[in-house]
Amino acid sequence: MSDLEAPLRPKRKKIWVDYFVQFRWIIVIFVVLPISCTMYFLTYLGDVRSERKSFKQRQKEHEENVMKVVKRLKERNPTKDGLVCTARKPWIAVGMRNVDYKRARHFEIDLSAFRNILDVDKERMIARVEPLVNMGQITRVTVPMNLSLAVVAELDDLTVGGLINGYGIEGSSHIYGLFSDTVVAYEIVLADGKVVRATKDNEYSDLFYAIPWSQGTLGFLVAAEIKLIPVKEYMRLTYKPVIGNLQDLAQGYIDSFCPRDGDQDNPNKVPEFVEGMVYSPTEAVCMTGRYASKEEAKLKGNKINNVGWWFKPWFYQHAQTALKKGEFVEYIPTREYYHRHTRCLYWEGKLILPFADQWWFRFLLGWMMPPKVSLLKATQGEAIRNYYHEMHVIQDLLVPLYKVGEALAWVHREMEVYPIWLCPHRLFKLPFKTMIYPEPGFELQRRQGDTHYAQMFTDVGVYYSPGPVLRGEEFDGVDAVRRMENWMIENHSFQPQYAVSELSERNFWRMFDAGLYEECRRKYKAVGTFMSVYYKSKKGRKTEKEVQEAEQAILETPYAEAD
């Protein structure tokens, strides 16, 4: 058996949950989609209402809401009340992992009012926004100004707070880094109610570097100042097919944005956007984009593709046509390009509604897509939730760029999930060693894509039902994720915590660095007020006793070492 051959697996007997999942589209069409559409419309009306207010009025309301948070925090009795968390419902978060930690006793703080764009400063090229501002909302405001966040995550519903405290990436991350790397300042309410502004060069610089990936366990983020960049009206996108084995596909992807002469900072050699999609063990399409003016896009002979229209083919299927017709170029309106994966949730929409990619459905009901992930979670029930944990994969592997071929081979052998999303990002050398960090001595290796100040990584996005599940064979999703996590630890890779993790506490801190995070937890009195990041990310229900014991363990040891 070759390295790429998947092991033979016995057939799996179907159970009642299989049939419920198979026909779940009925609930999605008649319940989830109508409610989702209504919620999107109401949210839009709220955003429009907010945008009509002056920046001065929004700032005044922001200050009042911050004082409400401070007042609420000071009402908490640490000896009687539970740990502090937001009042957001557990199923609302975008991601497979339900927020199980909220099932333990907790002291709720309502942050629902923090969804305003507070300022767009064209001189400083900074947007000041509240944490519940989502990507669709901010691009609707900035793109008409020919401005944009440096990194805009692809799904409309992803919020600034989630992308900072958790994980945010996009096709421009090979230049600017992850979403959190584009933040200039954080406004944080600490455990004692103190409101601070953390930047990379003020007295709270340690907190500034500790916030990303902390999952909101160091304080409440109430505003962020984020870098803006100038943009043009269109994205000139080149689709290039790559054929060969998985190593060939990986190298073709690397060559699409990493000059072999090492001139990684040359804008003439490095595209502004990069994305790859691997459709099979032998076929992939690499996409590279550059901003283009309206005048250029409308020149005779150029093709404009409005991918945002509801009746258009889903983006990943459109890109796949390059495998048949070869390399081609088209112009996509910038905002529509940013949100190209929203309508079909990458390719998860095909599993949620098997016929939703058909022309007749797109034309009749495509305008209602996508269903809100939060409503999908709210209507699934415990049995279906467990089924997805075992029979479905939604994971991202953040791997060093030179290991992409190995990662693709591992995913094929152990999971057989296609398509696979590839998106590069820089991991910068920073003054502090943060939870995620480059490989020691990477700058001496002079590998393709690396510079002296940053190592190039890639997100390997694995979202879909594994091949064995689609063929009706036995598949242990929990064990597969554990093996994946072990592979990542051995290969200096990182797992975003929006997904379901099987990491033990010891392995969690083998994957991530605890030093700065735990130091800030103690310094800013988060221990005993906010749950630790591992325990907050841990799979399964948490009781009040477990929560208290976990916090006490943190107080007694530098960092947890127990399994």
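- The chain appears in an unreviewed UniProt entry as Delta(24)-sterol reductase from Cinchona calisaya.
- Check the Subcellular location (unreviewed entry) section of the UniProt entry for the chain; it says "Membrane".

1. Considering the layout of surface pockets
Step number 1: Considering only enclosed or pocket space, the second largest pocket measures out at about 520 Å³ in volume.
Step number 2: Elements represented by at least two residues in the lining of the second largest pocket include exactly helix H6 (173-176), strand S6 (183-189), helix H7 (205-210), strand S14 (420-428) and helix H22 (515-523).
Step number 3: A total of three residues in the lining of the second largest pocket trace back to one element, the largest contributor, which is H7.
Step number 4: Residue composition of the lining of the second largest pocket, by class: 17 nonpolar, three polar and five charged.

2. Details of the environment of Pro440
Step number 1: Relative to the helices and strands, Pro440 is located in the loop between S14 and helix H18 (442-445).
Step number 2: Sequence spacing of Pro440 and Lys429 is eleven residues, and the spatial spacing of their C-alpha atoms is 9.7 Å.

3. Description of the pattern of salt bridges
When charged atoms on two side chains of opposite charge get close, those side chains can pair.
Step number 1: Evaluated as defined, the whole model comprises 26 salt bridges.
Step number 2: Two residues, Arg482 and Glu502, come together in a salt bridge whose shortest N-O distance is 3.8 Å. In this pair, Arg482 sits in helix H20 (residues 477-490) while Glu502 sits in the loop between H20 and helix H21 (505-511), placing the two residues 20 residues apart along the sequence.
Step number 3: Residue classification places Arg482 among the partly exposed positions, given a relative accessible area of 41%.
Step number 4: Glu502 sits in the buried class, given a relative accessible area of 17%.
Step number 5: Several salt bridges converge on common partners, so that one network encompasses Asp47, Glu51, Arg115 and Arg140.

4. Describing the packing of aromatic side chains
Step number 1: On inspection of all chains with the given rule, the structure shows 33 aromatic pairs.
Step number 2: Plain terms: the ring middles of Phe273 and Tyr291 are 5.6 Å apart, the flat faces sit at 90 degrees to each other, and that makes the pair edge-to-face. Here Tyr291 lies in strand S11 (residues 283-292) and Phe273 lies in strand S10 (residues 273-280), a separation of 18 residues in the sequence.
Step number 3: For Phe273, a relative accessible area of 2% puts it in the buried group.
Step number 4: Tyr291 gets classed as buried once you look at its relative accessible area, which sits at 10%.
Step number 5: One aromatic cluster is present, built from ring pairs that chain together Tyr167, Trp213, Tyr437, Phe457, Phe494, Phe508, Trp509, Phe512, Tyr517 and Tyr534.
Step number 6: The side chain of Lys325 reaches across the aromatic face of Phe328, ending 4.1 Å from its centre.

5. A word on a nonpolar patch on the surface
Step number 1: On the surface, a nonpolar cluster with roughly 940 Å² of combined accessible area is contributed by Trp309, Trp310, Phe311, Trp359, Trp360, Phe363, Leu364 and Trp367.
Step number 2: Its location among the elements puts Trp367 in the loop between helix H14 (359-365) and helix H15 (373-378).

6. A look at empty space enclosed by the protein
Step number 1: Counted by the stated rule, this structure contains four cavities of 30 Å³ or more.
Step number 2: The volume enclosed by the largest cavity comes to roughly 80 Å³.
Step number 3: Lining of the largest cavity is provided by eleven residues; of these, His389, His392, Gln395, Val481 and Val500 occupy positions nearest its centre.
Step number 4: Here the element with the most residues in the lining of the largest cavity is H20; it accounts for three residues.
Step number 5: In the lining of the largest cavity, the residues fall into six nonpolar, four polar and one charged.

7. Regarding the pairing of strand S9 (residues 234-243)
Step number 1: As paired strands, S9 and S11 are joined by ten bridges and run antiparallel to one another. Residue pairing for S11: Lys240 is matched across the bridge by Cys286.
Step number 2: Relative to strand S12 (residues 328-333), S9 runs antiparallel, the two being bridged by six bridges. Counterpart to Met235 in the pairing with S12 is Ile332.

So, how was this worked out
- Residues numbered from 1 in each chain as written.
- Predicted model: local features only at pLDDT ≥ 70, side-chain atom pairs only at ≥ 80, totals over all residues.
- Heavy atoms only, no water.
- UniProt positions renumbered as here; feature names shortened; annotations may be inferred.
- 1 Å grid on protein atoms, 1.4 Å probe; cavity = no way out; pocket = protein on both sides within 12 Å on 5 of 7 lines; lining within 4 Å.
- Points joined across faces, edges and corners; volume = space filled by probe spheres on them.
- Helix = DSSP H or I, 4+ residues; strand = E, 2+ residues; numbered from the N terminus.
- Nonpolar A, V, L, I, M, F, W, Y, C, P; charged D, E, K, R; others polar.
- Salt bridge = Lys/Arg side-chain N within 4 Å of Asp/Glu carboxyl O.
- Buried < 20%, exposed > 50% of the residue type's maximum accessible area, 1.4 Å probe, protein only.
- Phe/Tyr/Trp six-rings, centres within 6.5 Å; stacked < 30°, edge-to-face > 60°.
- Lys NZ or Arg CZ within 6 Å of the ring centre and 35° of its normal.
- Patch = residues over 30% accessible without salt bridge, like charges linked within 9 Å, V, L, I, M, F, W, Y side chains within 5 Å.
- Areas by Shrake-Rupley, 256 points an atom, 1.4 Å probe, with all protein chains shown as cover.
- Pairing = 2+ DSSP bridges.

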